[in-house]
Structure formats: C-alpha cells, structure tokens
Amino acid sequence: MSAPERFLERLTLRRTDDPSWVAARRQAGAARFEAMGFPTRRDEAWKYTDVRRIAEGDFALATDAGFDAARFEAQRLDIDAYRLVLVDGVFSEALSELEGLPDGVQVEPLSRALSANHEAVGGALGRLAGVDFSPFTALNTAFADEGVVVRLAPGAVVDKPIYVLLLSRANGQAVMSHPRVLIEAGARSEATVIEHYSGEAEAANFTNVVTEVLLDRGAIVDHYKLQEAALTDLHVASIHVDQSRDSRFNSYNLNLGGALVRTDLVTDLNGEGAEAAYNGLFFVQGRQHVDNHTLVNHNSPRTFSNENYKGVLDDRSHGVFNGKVFVKKDAQQIEAYQNNANLLLSDRAEIDTKPELVIYADDVKCSHGATTGQLDEDAVYALRSRGIDEPMARALLTLAFVGEVMDKVRLNVIAERVERAVAGRLPERFNLADLVETAEAIQEA
C-alpha cells in the first residue's frame, strides 16, 4: 500500500453527515492527493525539505479534546481575547471562551458552520487554497472537518484579539490533524487574529493546517502565527490571502518549535492601495528544520509589500527561505521590498536562502536581498571591553539581531514570550530580565 493510500484509509473514520458540497470537495481533495503523492526533493518547491518523516508516519485521528487544565494554563497566552481551542484538531468547548463578541463578528468552530451548511462559508472555503496548490492542501481538503470560521461584517471592529489555540497532546499514539481556518473581513473591518501552536513536550504529532484570509475593501487584519510546538512535532501550514482595494494585511510568522516545519504564505494584491507586510522570525537548534516559502503577487497597480524575515540557527539545524515577488505586466507604480537575514551560531548550522523578483512592469520600485553570517567579533569585543563576559555579549547581540522583527510585533504578550524563549535557549540559559538589565546598564554608561 502506498503512503497516500495509507493516509486516505483514515477517511472512513470521518464525518458521514456532510452536506453534498462538502462531500464532493473531500472526494476531490482525496483524489488529487492520491494522484500527486507526497512531494520529494526532486520537486523544486521541496528541494531542501524531506517529508519522509510525515509520509512514513503512522498517524491516528483524535476523537476527543481532553487536556489537563494545569498544562493548558501553562501553554496558553496570558491575554484578554476571544478564545477558541482545538486539541489535536478537535474543538474543545470547555477550554474556549467566546462570550461577548461584538455585533457583526462571528467566531465559531468549522464543524458548526458545516453542520449549518452556511452558504457563505461554502462559497469562501477553498476559494484561495485549492487542491492543486500542494499535496498537503489536497490532504487537508480531504480530511478537514474542524477548524475556525471568523467573519467580520462591513465596518466591524473587534475590540480584542481573536485567539485560536491549537494544542498537541502526547498520548503514546501519534495523531494527525487537518484544521481549516477561514477569515472573512468585510469592508473597513478590523481584527487581530492569533494562531498559536503549542502542546506537551513529548508530543510527536502531525499538524497540517490551511488558512484562508479574504479582505474586502479597506479591511485591516493583523495575523499572528506563533509556532512553538514540541521539538518532535511535524507541522505543515499554508496561508493564502486575497486583498481588495486599500486593504492591509500584516503577517507575523514566528517559528520556535517543531522538528520539521514548512509554511507557505501567499498573498494576492488585487486592488489599488492594497498593502501586505510580512514579518518573520525562526529560531532553531538541535536538528530542527524550518522551511518558509513566501509569495506576493502584485496583480494591480499602486500596491505595496514589505517583507523582512530573520533566522537564527544553532547546532545542526537547517533553515530554508524562498521568497518571491511577482509583478504583473499592468501592475505599474508598485513598491515591493524583501529581505532575509540569517545568523549562524554554529559552524554546523545550515541555511538555504533564495529571494526572487519576477517583474513584468517597468514603472516599479523593487529590491531584495539576503545575508548570512555569524556574530560580529568586533561587536563582541566592544561589549567585552565594557566588562561583559563573552556568553552574555553573544546573547545580547543575538537578541539585538531579532529585535528588528520583534519591534514590529504589536502585542507585547507575544513579543515578550518570543524574546524569553530565545533568551532561554541561548548559552548559559540567560533570562530576559538579566539581558535587559545588562543592556540598560550599557546604555547608561
């Protein structure tokens, strides 16, 4: 039995009461996945990422959403937000908190939206992330029966973040989940949406998530993807964004966990004045592998994109960045900037980076670049000359390197969590308070 056939065997355990249009999409996803199979390193888009750990895995499907309350409190962000929780892909009503949503704002688990057969959900679901995008989106389409639907009426402004927490358990049996996230932002609406992937340290599961974001005219969405799953988890994500005139999408893609991580982020700027900002950070060590593929399609004139990804790699970790900006023939007077900078803390760490510009218009402002290097020894020496020992000096410079991205993060609870995670994984396991105190002392000197 082939790997795709083995995965699709689990489909018999999924819902049998789907509306006809859902069943048809499942069948289309399953057929496409079986035809494509898992990608190999012979495929250009997967040249540096080997997914055999997924293809050869034996993953069950979770059937309940039980999670220890004490561990839940330790995993979740301490933030005032509308919260929806999935445990191994199963909705947990007990851990969710959706009371008091403003008028014109709908947040509910995908299963309820599918059961109600909402016509609006059916029209939007799968519109951006089709089964042909990758084998993993096809696999998600076949299996997805849970996730999150966020719908904002025109002019609706959400007063606090919408927090989607996706937890991974360690149950002895590895499981797979295929959540689907759909965000529809009406004209001039505004919201902050957090996708947070976390879980128990011993978890070794496979999460395959697809997120679709549709922004109507003038809508603004801040989207956070904070990925700090167990260092044995496998994680594949696909984020697809459609932007209308004068809309703005701010992406914060922050990767700290996972053994094998792949994220595809695709934005189509389809109306004049649309803006997309990509802010990315990945901090990896051991034998972690993180692969970020981004694509911005400037389909209309006078659109703007700005992308800044930073990677910090230690031990024998491996990072991949492939960013492409595509400018169509009639997309004149656009601006597009792209940068990827990487810091290697070990001689054995490896990064493959490939920024790309494809331009078919002649009146544009575009630039891209990539840098890879180690800490500046002159800067280390300058700090040591002020009485700071070498490990502390290197830790300070590493935090300063990631600071350019973290300064853009608007939610302090996320910025501090990432900074503490980075500080805690540096040599000597410095805590953030010590580093901040030392930095302030340097500034005062």
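What you see is a predicted model, and the numbers here were worked out from it, not measured in a lab. (Residues numbered from 1 in each chain as written. Predicted model: local features only at pLDDT ≥ 70, side-chain atom pairs only at ≥ 80, totals over all residues. Heavy atoms only, no water.)

(A) Representation of the overall build of the protein in the model. Within the protein one finds eleven helices and 21 strands. Over its C-alpha trace the protein gives a radius of gyration of 22 Å, about what one expects of a compact globule, namely 22 Å for 445 residues. Along the first, second and third principal axes, the C-alpha atoms of the protein reach 70 × 55 × 50 Å. Within the span of the protein, comprising 445 residues, buried residues form 58% of the whole. Within the protein, contacts between residues at least 6 apart in sequence are counted, and of these 85% link residues at least 24 apart. Counting every atom, the protein has about 18400 Å² of accessible surface; 45% of that belongs to carbon and sulfur. Across the protein, the 46 positively charged side chains and the 68 negatively charged ones have centroids separated by 4 Å. (Helix = DSSP H or I, 4+ residues; strand = E, 2+ residues; numbered from the N terminus. Rg over C-alpha atoms; globule rule 2.2 N^0.38 Å. Buried < 20%, exposed > 50% of the residue type's maximum accessible area, 1.4 Å probe, protein only. Contact = heavy atoms within 4.5 Å. Areas by Shrake-Rupley, 256 points an atom, 1.4 Å probe, with all protein chains shown as cover. Lys, Arg positive; Asp, Glu negative; His and termini not counted. Charge placed at Lys NZ, Arg CZ, Asp CG, Glu CD.)

(B) Seen up close, the packing of helix α8 (residues 377-384) against helix α9 (residues 390-406). One way to put it is that α8 packs onto α9 with a least axis distance of 9 Å and a crossing angle of 125°. Put simply, α8 runs oblique to α9. In the crossing of α8 with α9, the sense of the turn from one axis to the other is right-handed. Contacts between α8 and α9 involve E377, A379, V380, L383 and R384 from the former and E390, A393, R394, L396 and L397 from the latter. Here the contact of α8 with α9 is built from residues that sort into six nonpolar, no polar and four charged. (Axes fitted to C-alpha atoms, helices over the stretch in contact; angles between N-to-C directions. Parallel < 35°, antiparallel > 145°, perpendicular 65-115°, else oblique. Left-handed = near helix turned anticlockwise from the far one by under 90°. Nonpolar A, V, L, I, M, F, W, Y, C, P; charged D, E, K, R; others polar.)

(C) Quick peek at the UniProt feature "domain: SUF system FeS cluster assembly SufBD core" (unreviewed entry) in the protein. Residues annotated in UniProt with the feature "domain: SUF system FeS cluster assembly SufBD core" (unreviewed entry) correspond here to residues 170-401. Along residues 170-401, the helical share is 9% and the strand share 59%, with 34 Å between the first and last C-alpha atoms. (UniProt positions renumbered as here; feature names shortened; annotations may be inferred.)

(D) Structural context of the sheet that holds strand β9 (residues 190-199). Pairing is mixed in the open sheet, where ten strands are placed in the order β3-β2-β6-β9-β11-β13-β15-β17-β19-β21. Edge positions in the sheet fall to β3 (90-97) and β21 (364-373), since each has one partner strand and no second. When the angles between neighbouring strand axes are averaged without regard to direction, this sheet yields 10°. Relative to β9, strand β6 (residues 162-168) runs parallel, the two sharing seven bridges. Note on β9: the bridge partner recorded for S168 is G199. The sheet contacts of helix α10 (residues 412-424) involve β9, β11 (220-227), β13 (248-255) and β15 (275-284), and relative to β11 the element is tilted by about 25°. (Pairing = 2+ DSSP bridges.)

(E) Representation of the pairing of strand β4 (residues 105-109) in the model. Within β4, four of the five residues are buried, which leaves the element mostly enclosed by the surrounding structure. In this structure, β4 lies alongside strand β5 (residues 147-152), joined through five bridges in antiparallel fashion. The residue bridging V107 from the neighbouring strand is V150, located in β5.

(F) How the structure looks around the pairing of β13. Within β13, seven of the eight residues are buried, leaving the element largely enclosed by the surrounding structure. In the sheet, β11 pairs with β13 via eight bridges, with the strands oriented parallel. In the sheet register, K225 faces β13, and the bridge partner there is N253.

(G) Here's a closer look at the packing of aromatic side chains. According to the stated counting rule, one finds eleven aromatic pairs in the structure shown. Plain terms: the ring middles of F33 and F38 are 5.2 Å apart, the flat faces sit at 90° to each other, and that makes the pair edge-to-face. Here the aromatic cluster, defined as three or more aromatic residues joined through ring pairs, consists of F7, F33, F38, W46, F59, F136 and F206. Between the NZ or CZ atom of R262 and the centre of the ring of W46, over which it lies, the distance is 3.8 Å. Across the ring face of F401, the terminal group of K310 is positioned such that the distance to the ring centre comes to 4.3 Å. (Phe/Tyr/Trp six-rings, centres within 6.5 Å; stacked < 30°, edge-to-face > 60°. Lys NZ or Arg CZ within 6 Å of the ring centre and 35° of its normal.)

(H) Spotlight on α10. The terminal C-alpha atoms of α10, which comprises 13 residues, lie 18 Å apart, in line with the 18 Å expected from a rise of 1.5 Å per residue. Within α10, the full set of buried residues consists of I414, A415, V418, V422, A423 and G424. (Expected span 1.5 Å × (residues − 1).)

(I) Summary view of α9. For α9, spanning 17 residues, the distance from its first C-alpha to its last is 24 Å, which sits close to the expected 24 Å at 1.5 Å a residue. For α9, the buried fraction is high: twelve of the 17 residues fall into the buried class. If you check which residues of α9 are buried, you get M392, A393, A395, L396, L397, T398, L399, F401, V402, G403, V405 and M406. Two or three places before M392, at the start of α9, stands the capping residue D389, its side-chain oxygen 2.9 Å from that residue's backbone nitrogen. (Polar contact = N/O pair within 3.5 Å; in protein donor to acceptor, adjacent residues only side chain to side chain.)

(J) Structural view of the pattern of salt bridges. Using the criterion set out here, one finds 24 salt bridges in the structure. We note a salt bridge from K354 to E44, for which the minimum N-O separation is 3.9 Å. Highlighted residues: K354 in strand β20 (residues 350-359) and E44 in the loop between α2 (20-36) and α3 (52-55), separated in sequence by 310 residues. Exposure remark for K354: the relative accessible area of 37% places this residue in the partly exposed category. Looking at E44, the relative accessible area reads 57%, which means it is exposed. Here R410 ties to D222 by a salt bridge, and the two come within 3.3 Å at their closest N and O atoms. On the criterion of sequence distance, the pair formed by R410 in the loop between α9 and α10 and D222 in strand β11 is long-range, its members being 188 residues apart. (Salt bridge = Lys/Arg side-chain N within 4 Å of Asp/Glu carboxyl O.)

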